[in-house]
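Next come the chains, spelled out residue by residue.
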Amino acid sequence: MKDFLLLTPGPTKVPDRVLAKCALPMIHHRTKEFQAILERINGNLPKAFATKHPVLTFASSGTGAMDSSITNLFSKGQVILSFSAGKWGERYRDIARSYGLDVKSFEKKYGEAFTAAEVEAGLKANPNAKGVLMTLCETSTAVVHPIESIAKVTRGSNAILMIDAISGLGCDVLKMDEWGVDVVVSGSQKGFMLPPGLAFVALGERAQARMAASDLPKFYFHFAETLKMMKKNDTPFTPAVSLMRGLDEALSMMLEEGVEAGWKRHARIADHVRKTMKSLGLEIFAKAPSNAVTAVNMPNGFPSKDLINFVRDTHHVVLADGQGELQGKIIRFSHMGATACDEDAKRGLDSVADAIKKLGVLNPV
Ligand SMILES: *Cc1c(COP(=O)(O)O)cnc(C)c1O
């Protein structure tokens, strides 16, 4: 039997090249050797975000990047607009609420995406808003948001645009500087092809200007302190040394391919997965589908768990169930990072085709 193939929308498969770097003997972080790694990372990481601005790295899961983007850029009572179209948008909103921000919540039915016009209307109704929270790929529904047109709206306002691209980065096109996005947060275990444990925050000029004024409590996730240390290729606390070595290698892989070429590869594989799912008789759940993950409806109330268990036990392919209200109703099939390739997509799709046949997924009830 083959090894398990992780087609879950995080964690994702880690390439052997990256695993080998993560497994090297430990080195101390206050050394020339580690400084050289940090210097390369600080130079290369912004390229993945299509920015010239600094990208901060923290030892935490992706949520640490979301959390710290709130505590470092806002002050208590400030108005912020949250646009949520699924579980992850809701998390960003709930983080902002938990720190005492005045959060105006805009919500979409699961499977749908916001438009720039809706963000514009939200800003018009709340001219004092200081920030807009948005998700690139809403991993819970596999929807992607039209960030380019949304940024056109926020650019001319007082609100900074903050994008949760934890799953979307490297998979869905995101041109931070060219589009005028202020903050992009991400994590290591999805499109970055790394194990879980690193969080990233890219800070544009407008966002950096907000840092000094923020009065929310912060200590570990302190952007200004982290930036100061970054300039000396150092970190305020002990970094996740092994993961940073893996990141150095993953960035080399991303840049060898080219960021644009990586987006194109994801688009091609995602298109193939969607077309094949449809040809198998399944319906795509997302109205505006992301290139990071595909969600399909289970027909006739067929329980998604049964299909997921079958492909895991029979084919060693690991798919994900829906989350929240979608649990049991959809399956999520990811094509992020290293799994955005013909071979893995084929193995995953063949396993789904086999499940449809053997379990009678399409049979009328
Ligand atoms: C996975 C994910 C998160 C949560 O990341 P953790 O690393 O589990 O903290 C947040 N937002 C999106 C869009 C995600 O896909």
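Scoring rules and cut-offs
Residues numbered from 1 in each chain as written. Predicted model: local features only at pLDDT ≥ 70, side-chain atom pairs only at ≥ 80, totals over all residues. Heavy atoms only, no water. Helix = DSSP H or I, 4+ residues; strand = E, 2+ residues; numbered from the N terminus. Buried < 20%, exposed > 50% of the residue type's maximum accessible area, 1.4 Å probe, protein only. Contact = heavy atoms within 4.5 Å. Areas by Shrake-Rupley, 256 points an atom, 1.4 Å probe, with all protein chains shown as cover. Core = buried A, V, L, I, M, F, W, Y, C linked by side-chain atoms within 4.5 Å. Domains from an automatic or database assignment. Buried area = accessible area lost by both parts, 1.4 Å probe. Expected span 1.5 Å × (residues − 1). Arc of directions from axis to C-beta. Patch = residues over 30% accessible without salt bridge, like charges linked within 9 Å, V, L, I, M, F, W, Y side chains within 5 Å. Salt bridge = Lys/Arg side-chain N within 4 Å of Asp/Glu carboxyl O. Near = heavy atom within 4 Å. Polar contact = N/O pair within 3.5 Å; in protein donor to acceptor, adjacent residues only side chain to side chain. Nonpolar A, V, L, I, M, F, W, Y, C, P; charged D, E, K, R; others polar. Pairing = 2+ DSSP bridges. Axes fitted to C-alpha atoms, helices over the stretch in contact; angles between N-to-C directions.

Caption draft 1: Quick look at the overall build of the protein chain. Helices and strands together make up the secondary structure of the protein chain, namely 13 helices and 14 strands. With the principal axes as the frame, the protein chain shows a C-alpha extent of 60 × 55 × 30 Å. Looking at the protein chain as a whole, 58% of its 365 residues qualify as buried. Across the protein chain, contacts joining residues at least 24 apart in sequence account for 74% of those joining residues at least 6 apart. Total accessible area computed for the protein chain in this model is approximately 14,800 Å², and 54% of it derives from carbon and sulfur atoms.

Caption draft 2: Summary view of the nonpolar core. F49, V181, V184, F192 and L247 are the most contacted members of the largest nonpolar core, which has 54 residues in total. Per-element accounting of this core gives the leading share, seven residues, to helix α10 (residues 241–257). Setting aside chain neighbours within four positions, we find F49 in contact with V55, L169, L174, M176, V184, S186, F192, F200 and A202. Counting 28 residues, the second largest nonpolar core, distinct from the first, contains F58, I70, L133 and I166.

Caption draft 3: Region of interest: the domain arrangement of the protein chain. Splitting the protein chain by domain gives domain 1 (5–12 + 258–359) and domain 2 (17–257). Distance between the C-alpha centres of domain 1 and domain 2: 26 Å. Counting from both sides, the interface comprises 31 residues of domain 1 and, opposite them, 31 residues of domain 2. Summed over both sides, the interface of domain 1 with domain 2 buries roughly 2,400 Å², with 60% coming from carbon and sulfur.

Caption draft 4: Looking closely at helix α4 (residues 87–98). Between its first and last C-alpha atoms α4 spans 16 Å; for twelve residues at 1.5 Å apiece the expected length is 16 Å, and the two agree. Buried residues of α4: W88, G89, Y92, R93, I95 and A96, and no others. Here the buried residues of α4 occupy an arc of 155° about the axis, which is enough to place them on one side.

Caption draft 5: Representation of a nonpolar patch on the surface. Nonpolar side chains collect at one region of the surface, where F219, Y220 and F237 lie side by side and expose about 320 Å² of accessible area between them. Its place among the elements puts F237 in the loop between α9 (223–230) and α10.

Caption draft 6: Region of interest: the site of the ligand. The full set close to the ligand counts 14 residues, and S61, T63, T139, D164 and K190 are the nearest of them. The contact in question runs from an oxygen atom of the ligand to an N or O atom on the side chain of T63, over 2.4 Å. One of the side-chain N or O atoms of T139 is found 2.4 Å from an oxygen atom in the ligand. Isolated, the ligand exposes 380 Å² of accessible area, and the fraction of that covered by the protein chains is 91%. Taken together, the residues that form the shell around the ligand break down as four nonpolar, seven polar and three charged.

Caption draft 7: Focus on the sheet that holds strand β5 (residues 131–135). Judged by pairing direction, the sheet is mixed, and its seven strands sit side by side in the order β2-β10-β9-β8-β5-β3-β4 without closing on themselves. For this open sheet the edge positions go to β2 (55–59) and β4 (102–107), each flanked by a neighbour on one side alone. Put simply, the sheet's adjacent strands are angled 20° from each other on average, direction ignored. Here five bridges tie β2 to strand β10 (residues 198–203), and the two strands are oriented antiparallel to one another. The partner of F58 across the bridge, within β10, is A199. Each of β2, β3 (79–84), β5, β8 (160–164), β9 (183–187) and β10 is contacted by helix α3 (residues 62–73), which is oriented at about 155° to β9, the strand it contacts most. Each of β2 and β10 touches α9; the most contacted strand, β2, lies at about 105° to it.

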